[in-house]
Amino acid sequence: MNWLRSRLPQLFGIDLRTLALFRAAVGAVLLADLLCRVGDARSFYSDNGVMPRGWLAASAGAWRLSLHTANGQTWFEVALLLLAALAALALLLGWRARLAAALCFVLQASLLNRNPLVAGEGDVLLCCLLLWSAFLPLGARWSVDSALAREAPRDHAHLSWASAALLLQVLSAYFFTALRQSGAEWWPDGSALYYALQLDMLVKPAGMWLRQFPDALPWLSWGVWLLQLLGPLLALSPVFTRPLRLIILLLFALLQLALLLLFHLGLAPLVGLAAVTVLAGGWTWDALDRRIEAAGQRRGALELRLYYDRDCGFCLNSCLLLRAFLVLPHAQILPAQDYARARALLEANRSWVVIDRDDHAYLKWPALVLLLRRSPLFAWLGWLLSGGWAVTPGNAVYDFIGRHRAAIGKLGAVWPSRGEPRFESGRLAQRAAAVLLFAVLAWNLSGAGALPHAVHTLLTPPLRLLRLDQDWTRFAPAPPRDDGWFVFPGELADGTPVDVLRPGSGISYDKPRDIARTYPDLRWQQYLQNLWLPQFAGERPWYGAYLCREWNHAHPAAQALKGFKMIYMLEQTPPPGIAATVEQRVLWRQDCGAGAAAPPGTP
């Protein structure tokens, strides 16, 4: 027992440098996703879109709270998305990192609750990761918080209930997916990947290319299933923890890259890539630090001196941030007024001063370029900006900032003061994380049939409220065999037939060469793929009314849309060697006339 207890830090601890990488990866994915959503804010989240708030309240059920329901106008939805993007940027940079993670979680959960039809598996996993992040010292390394704090945690190792919860959350997504992939297509037949690659609505060109190697598909199917089932167990092995963790990290990352290249799965592969970074052990960072230090010694990065104006707090903070984000931990930051040469250069040129190991002094823009070239991460950027063409505009930018540094310094007052923030969460927060961890594990076990269904029923209200009601059912119990594409034949006021989804191409029921390209973006693809499912039949009238409004608003009265049919061309994927069959299914008939009935449930 004592031996196992001594292994707990290796099993459930996370290195602070790993948390910094995880924070940056999650923040970057979230920021990119939120900015992409802005263009669809009206369609998906406003009262003029496919799901007005009245219908959401009638259809979503209890325990689904959303800040987005406070107002149904597009400007409000865009404002909330941009607020969430600012929180994601703060998380990416590590500015008040735990608070930023908590704010990101609240806004992400609210966004997912606003329109469930565009909330995928990756969105739910991202929401779970953000919740656990709020309990962890995300800003203890390589962040605004650690750069400006008087003292960051000295020990790289971190062990807590929240670190265990984050690790188990990441591994659960694989393990419980494998448990639910119980169809014979995964084991023993090995035909799962064959059927997945026949889903033209999801597959990318790389997936179509992989179809040419049918003999390899069973082995790949077995390999993916076994990796998801055994990988989490091996990652939690108390022996050979270091090599096993590294191998599992690389294999999981390779799996996510394969999913990204083969299928249109939205955000899920990118979130999966960000999530598996938590498996990086501290020993990998120690080895990398030794290599960086050796390289820095050769480049002279260990002997840099940065001199700033003591009377400018903004200048000091800027130097501290540059040292942190350019990964120049050995660079000295000194007040120029205390050194005669640096003081003379500062006063004569109104510039900070950077002196290298050869005692050469650099000012303004060239000083920044020198730091970039000495950085192990941004040496490439320093090389690109080192040409003479960049000096004049670079110095102009520096001079502009210098003239307005007082105003910028006032803006900087919102930055965390020296000595803040508090990196670690308190005991009460960790106890809350422990309770949530056991609740999530019980939820997943009951969903997989390992615990009574009553446990699932009991935990549904609190976990649904917190958006921890995760459901790992991708290609489970087997990949679906229903594929297809949409055709919306309609008629204009002047009698012209038109396909409402593709108005410029005429009405054709033939299979498109690339079904995925018929959707405006991945969110619309996800929405429409859900729309044809029977459980979402109630959404079709609202989507039909939305298309009528959009068409008639953009066209003159002579070309107004009278009505259309929503037809799904259902293609059943047969076993190898058998021709596929296609069936027309009319999902909904929409009347766009002035006297058309409103969708049921309209206020």
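Asks: Explanation requested: helix H13 (residues 241-262) in the structure shown.
Replies: Since the α-helix advances by 3.6 residues per turn, residues separated by three or four positions end up pointing in the same direction. Helix length check: H13, at 22 residues, gives a terminal C-alpha distance of 31 Å against a target of 32 Å (1.5 Å per residue), a fit within 8%. Turning to H13, its buried residues are Thr241, Leu244, Arg245, Ile248, Leu249, Phe252, Ala253, Leu255, Gln256, Leu259 and Leu262.

Asks: What's the story with the sheet that holds strand E5 (residues 353-355) in this structure? I'm lost.
Replies: The strands making up a sheet associate through hydrogen bonds between their backbones, and the pairing can be parallel or antiparallel. With mixed pairing, the 4 strands of this open sheet are ordered in space as E4-E3-E5-E6. Two strands bound the open sheet, and with one partner strand each, they are strand E4 (332-335) and strand E6 (361-363). Strand-to-strand twist of the sheet, defined as the mean angle between neighbouring strand axes without regard to direction, takes the value 25°. Note that E5 and E6 share 3 bridges and pair antiparallel.

Asks: For this particular structure, what's the right way to read the state of the cysteines?
Replies: By definition, a disulfide is the covalent link that joins the sulfur atoms of two cysteine residues. For the structure on display, the rule yields 2 disulfides. In this model cysteine 548 forms its disulfide with cysteine 592; the gap between the sulfur atoms is 1.9 Å. Judged by the sign of its S-S torsion, about -60°, the bond between cysteine 548 and cysteine 592 is left-handed. Of the two residues, cysteine 548 sits in helix H25 (residues 540-554) while cysteine 592 sits in the segment after strand E11 (581-591), which places them 44 residues apart along the sequence. Of the residues examined, cysteine 548 reaches a relative accessible area of 7% and is grouped as buried.

Asks: Help me understand the nonpolar core, please; the structure alone is not making it clear to me.
Replies: Across soluble globular proteins, nonpolar side chains have a tendency to be buried as a group. Ranked by internal contacts, the top residues of the largest apolar core, which has 140 residues, are Leu129, Trp132, Leu166, Tyr527, Tyr543 and Phe564. It is helix H9 (residues 161-180) that contributes the most residues to this core, 12 residues altogether. In this view, leucine 166 contacts Ile14, Leu19, Phe22, Leu129, Trp132, Leu136 and Val278; residues no more than four positions away in its chain are not counted. Grouped together as the second largest cluster of nonpolar side chains are 28 residues, Leu148, Trp365, Val369 and Leu372 included.

Asks: How do you make sense of helix H23 (residues 453-465) when you look at a structure like this?
Replies: Under the 1.5 Å per step criterion, the end-to-end length of H23 is 19 Å for 13 residues, consistent within 8% with the ideal 18 Å. Residues of H23 that are buried: His456, Leu459, Thr460 and Leu463. Considering only its buried residues, H23 is in contact with helix H22 (427-447). Of the residues trailing H23, arginine 467 is marked for its positive phi of about 60°.

Asks: Can you help me understand the pattern of salt bridges in this one?
Replies: Proximity of charged atoms lets side chains of opposite charge pair with each other. Per the stated rule, a full pass over the model turns up 25 salt bridges. Glutamate 491 serves as the salt-bridge partner of lysine 562, at 3.8 Å between the closest nitrogen and oxygen. Taken together, the residues lysine 562 in strand E10 (residues 561-572) and glutamate 491 in strand E8 (residues 489-492) connect sequence positions 71 residues apart. Take lysine 562: its relative accessible area is 42%, and that puts it in the partly exposed class. Take glutamate 491: its relative accessible area is 36%, and that puts it in the partly exposed class. Connected via shared salt-bridge partners are Asp33, Arg37, Asp123 and Arg523.

Asks: Explanation requested: a nonpolar patch on the surface in the structure shown.
Replies: A grouping of Trp187, Leu226, Leu230, Leu233 and Leu234 is seen on the molecular surface, where their side chains present a nonpolar patch of about 450 Å² in accessible area. Within the secondary structure, leucine 234 sits in helix H12 (residues 217-235).

Asks: How should unusual backbone geometry be read in this particular structure?
Replies: Excluding glycine, a negative phi dihedral is what most residues carry, and trans is how most peptide bonds are arranged. At the junction of tryptophan 187 and proline 188, the peptide bond is cis and its omega measures out at 15° in the coordinates. Relative to the helices and strands, proline 188 resides in the loop between H9 and helix H10 (192-197). The backbone phi angle of valine 327 is positive, close to 55°, even though this residue is not glycine. In this structure, aspartate 359 is a non-glycine residue whose phi angle is positive, near 70°. Here aspartate 359 is to be found in the loop between E5 and E6.

Asks: What should I look at first to understand empty space enclosed by the protein in this one?
Replies: By rolling a water-sized probe across the atoms, one finds the places where empty space is left. Evaluated as defined, the whole model comprises 2 cavities of 30 Å³ or more. As a volume, the largest cavity reaches approximately 170 Å³. Along its surface, the largest cavity is lined by 15 residues, and Glu121, Leu125, Ala173, Gln256 and Arg474 are the ones closest to its centre. Taken together, the elements giving at least two residues each to the lining of the largest cavity come down to helix H7 (121-133), H9, H13 and helix H14 (268-275). Top element by residues in the lining of the largest cavity is H9. It accounts for 4 residues. Class assignment for the residues of the lining of the largest cavity results in 8 nonpolar, 5 polar and 2 charged. Approximately 40 Å³ is the volume found for the second largest cavity.

Asks: In this structure, what is going on with the side chain of asparagine 444? I would like to understand it.
Replies: Structurally, the position occupied by asparagine 444 is in helix H22. Setting aside residues no more than four positions away along its own chain, asparagine 444 makes contact with Ser172, Phe176, Gln470 and Trp472.

Asks: Is there a simple way to think about the packing of helix H24 (residues 522-531) against H25 in this case?
Replies: How two helices sit against one another is set out by the angle between their axes and by the gap between those axes. For the pair H24 and H25, the least separation of the axes is 11 Å and the interaxial angle reads 130°. By the angle between their axes, H24 is oblique relative to H25. In the packing of H24 onto H25, the handedness of the crossing is left-handed. Taken together, the residues of H25 that come into contact with H24 (itself represented by Trp524, Tyr527, Leu528 and Leu531) are Arg540, Tyr543 and Tyr546.

Reading guide: rules and limits
- Residues numbered from 1 in each chain as written.
- Predicted model: local features only at pLDDT ≥ 70, side-chain atom pairs only at ≥ 80, totals over all residues.
- Heavy atoms only, no water.
- Helix = DSSP H or I, 4+ residues; strand = E, 2+ residues; numbered from the N terminus.
- Expected span 1.5 Å × (residues − 1).
- Buried < 20%, exposed > 50% of the residue type's maximum accessible area, 1.4 Å probe, protein only.
- Pairing = 2+ DSSP bridges.
- Axes fitted to C-alpha atoms, helices over the stretch in contact; angles between N-to-C directions.
- Disulfide = S-S within 2.5 Å.
- Core = buried A, V, L, I, M, F, W, Y, C linked by side-chain atoms within 4.5 Å.
- Contact = heavy atoms within 4.5 Å.
- Salt bridge = Lys/Arg side-chain N within 4 Å of Asp/Glu carboxyl O.
- Patch = residues over 30% accessible without salt bridge, like charges linked within 9 Å, V, L, I, M, F, W, Y side chains within 5 Å.
- Areas by Shrake-Rupley, 256 points an atom, 1.4 Å probe, with all protein chains shown as cover.
- 1 Å grid on protein atoms, 1.4 Å probe; cavity = no way out; pocket = protein on both sides within 12 Å on 5 of 7 lines; lining within 4 Å.
- Points joined across faces, edges and corners; volume = space filled by probe spheres on them.
- Nonpolar A, V, L, I, M, F, W, Y, C, P; charged D, E, K, R; others polar.
- Parallel < 35°, antiparallel > 145°, perpendicular 65-115°, else oblique.
- Left-handed = near helix turned anticlockwise from the far one by under 90°.

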